[in-house]
Amino acid sequence: MSNLVIRGLCARYDTVDVLHDVNLEVEHGKITCILGANGAGKTTLIRSIFGLTLPRQGSLQWDGKELAGMKTHEIVASGISCIPEGRKVFPRMTVAENLALGGFLEKNEATLRKRIARIYDIFPRLRERAEQLAGTMSGGEQAMVSIGRGLMAEPRLLVIDEPSLGLSPLFVKENFKVIQRINGLGITVLLVEQNARQTLAISHVGYVLSQGRVVAQGTAQALTENDEVRAAYFG
Ligand SMILES: Nc1ncnc2c1ncn2[C@@H]1O[C@H](COP(=O)(O)OP(=O)(O)O)[C@@H](O)[C@H]1O
Ligand SMILES: [Mg+2]
């Protein structure tokens, strides 16, 4: 059972505190979401998981092992991948090259080929477009590339930062379906989003982050029925 347990996490940029005593748990096999408005601290939380922002206080235990103090590549090697905000594909590289980058820790060619084939089974569209430059693809296709790249490391936990940002409603729906499918493959997901309604519809458990603090938490159903959450985040 690989869980991520965050306790008393505080983080800051320079002298400004951004996360205050954040406690949360990402349970094995589930989709856990973190909802919050722009500036709530969602990306900072993700940066803390990957050692890109050093926690000022608190602990991040993955599989019982402390992540704080580990190097980012060691954290990735321990089974956590990130799909960053804005997707961040390498525009002048082909789809296949973008995917290959996600598997950089694996040196065995045959294993990498097998992994790419698996990604192409999940996203047949990417197989068709393998040699196309990623920068020339639609937003929805770039979303597939970034998710595929994240999966290339064969993570046990996939952390996804605002996948629906900037996508058309159709692709947003498609993208959430893909995330659900990936979770169905047995991959634990931490999904960070502003889009509360659709996110809660595919999540098992959720947290609401406001100005760097967890202000609500519970099952996705309980959060969906929570009046304050509805008023603040359901538009
Ligand atoms: N590199 C940075 N330097 C200084 N302040 C930052 C930096 N990145 C984010 N912040 C600030 O930290 C707060 C949380 O930002 P962020 O974690 O990006 O929120 P979210 O992802 O929820 O929109 C915001 O007030 C933002 O302005
Ligand atoms: Mg963000």
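Residues numbered from 1 in each chain as written. Chains lettered and ligands numbered in written order. Predicted model: local features only at pLDDT ≥ 70, side-chain atom pairs only at ≥ 80, totals over all residues.

## Describing the overall build of the protein chain
Scanning the protein chain from terminus to terminus reveals ten helices and ten strands. For the protein chain, whose C-alpha radius of gyration is 17 Å, the value lies close to the compact-globule estimate of 18 Å for 235 residues. Along the three orthogonal principal directions, the C-alpha set of the protein chain runs to about 45 × 40 × 35 Å. Counting the 235 residues in the protein chain, one finds 41% classified as buried. Put simply, 66% of the contacts in the protein chain that link residues at least 6 apart link residues at least 24 apart. (Helix = DSSP H or I, 4+ residues; strand = E, 2+ residues; numbered from the N terminus. Rg over C-alpha atoms; globule rule 2.2 N^0.38 Å. Buried ≥ 20, exposed ≤ 12 C-beta atoms within 10 Å, placed from the backbone. Contact = placed C-beta atoms within 7 Å.)

## Thoughts on the domain arrangement of the protein chain
Assigned domains of the protein chain: these are domain 1 (1-79 + 158-235) and domain 2 (92-154). For domain 1 versus domain 2, the separation of C-alpha centres amounts to 24 Å. Of the residues forming the side of domain 1 that touches domain 2, the biggest block, four residues, is contributed by helix H7 (residues 169-184). (Domains from an automatic or database assignment.)

## Describing unusual backbone geometry
At aspartate 63, a residue that is not glycine, the phi angle is positive and equals roughly 60°. Locating aspartate 63 in the fold gives a position in the loop between strand E4 (57-62) and strand E5 (65-66). Even without being a glycine, glutamate 162 presents a positive backbone phi close to 45°. Checked against the element boundaries, glutamate 162 lands in the loop between strand E7 (157-161) and H7.

## As for the sheet that holds E5
Pairing is antiparallel in the open sheet, where four strands are placed in the order E2-E1-E4-E5. What marks the edges here is a single partner per strand, and that holds for strand E2 (16-26) and E5. Across five bridges, the pairing between strand E1 (residues 4-13) and E4 is antiparallel. Counted as the bridge partner of valine 5 is glutamine 61 from E4. Across the sheet, helix H1 (residues 42-49) lies against E1, E2 and E4, angled at about 70° from E2, the strand it touches most. (Pairing = 2+ DSSP bridges. Axes fitted to C-alpha atoms, helices over the stretch in contact; angles between N-to-C directions.)

## Quick look at the site of ligand 1
Within the structure, ligand 1 sits among Tyr13, Val18, Gly36, Asn38, Gly39, Ala40, Gly41, Lys42, Thr43 and Thr44. In terms of residue count, H1 provides more of the shell around ligand 1 than any other element does, three residues in total. Across the shell around ligand 1, the residue classes break down as three nonpolar, six polar and one charged. (Near = placed C-beta within 6 Å. Nonpolar A, V, L, I, M, F, W, Y, C, P; charged D, E, K, R; others polar.)

## Comments concerning the packing of helix H6 (residues 139-151) against H7
Where H6 meets H7, the axes come as close as 10 Å, and the angle between the chain directions of the two elements is 20°. In this view, H6 runs roughly parallel relative to H7, as classed from their interaxial angle. For the pair H6 and H7, the crossing hand works out as right-handed. Here Gly139, Gly140, Ala143 and Ile147 of H6 lie close against H7, whose contacting residues are Phe171, Glu174, Asn175 and Val178. Looking at the contact of H6 with H7 residue by residue, the class counts come to four nonpolar, three polar and one charged. (Parallel < 35°, antiparallel > 145°, perpendicular 65-115°, else oblique. Left-handed = near helix turned anticlockwise from the far one by under 90°.)

## Side note on the pairing of E2
Bridging between E1 and E2 involves seven bridges; their strand directions are antiparallel. Opposite isoleucine 6, over in E2, you have leucine 24 as the bridge partner. Taking the residues between adjacent antiparallel strands as the criterion, E1 and E2 are bridged by two residues, where aspartate 14 takes a positive phi near 50°.

## Observations concerning the environment of glycine 150
Mapped onto the secondary structure, glycine 150 falls in helix H6. Counting along the chain gives 136 residues from glycine 150 to aspartate 14, while the straight-line C-alpha distance between them is 30 Å. Those residues in contact with glycine 150 that lie beyond four places of it in its chain are Ser81, Cys82, Ile83, Gly102, Pro155 and Leu158.

## Quick word on the nonpolar core
Ile49, Leu158, Val159, Ile160, Val189 and Leu191 are the most contacted members of the largest nonpolar core, which has 63 residues in total. Ranked by residues supplied to this core, first place goes to H6 with five residues. Looking at which domains feed residues into this core, each of domain 1 (1-79 + 158-235) and domain 2 (92-154) gives three or more. (Core = buried A, V, L, I, M, F, W, Y, C linked by C-beta atoms within 7 Å.)

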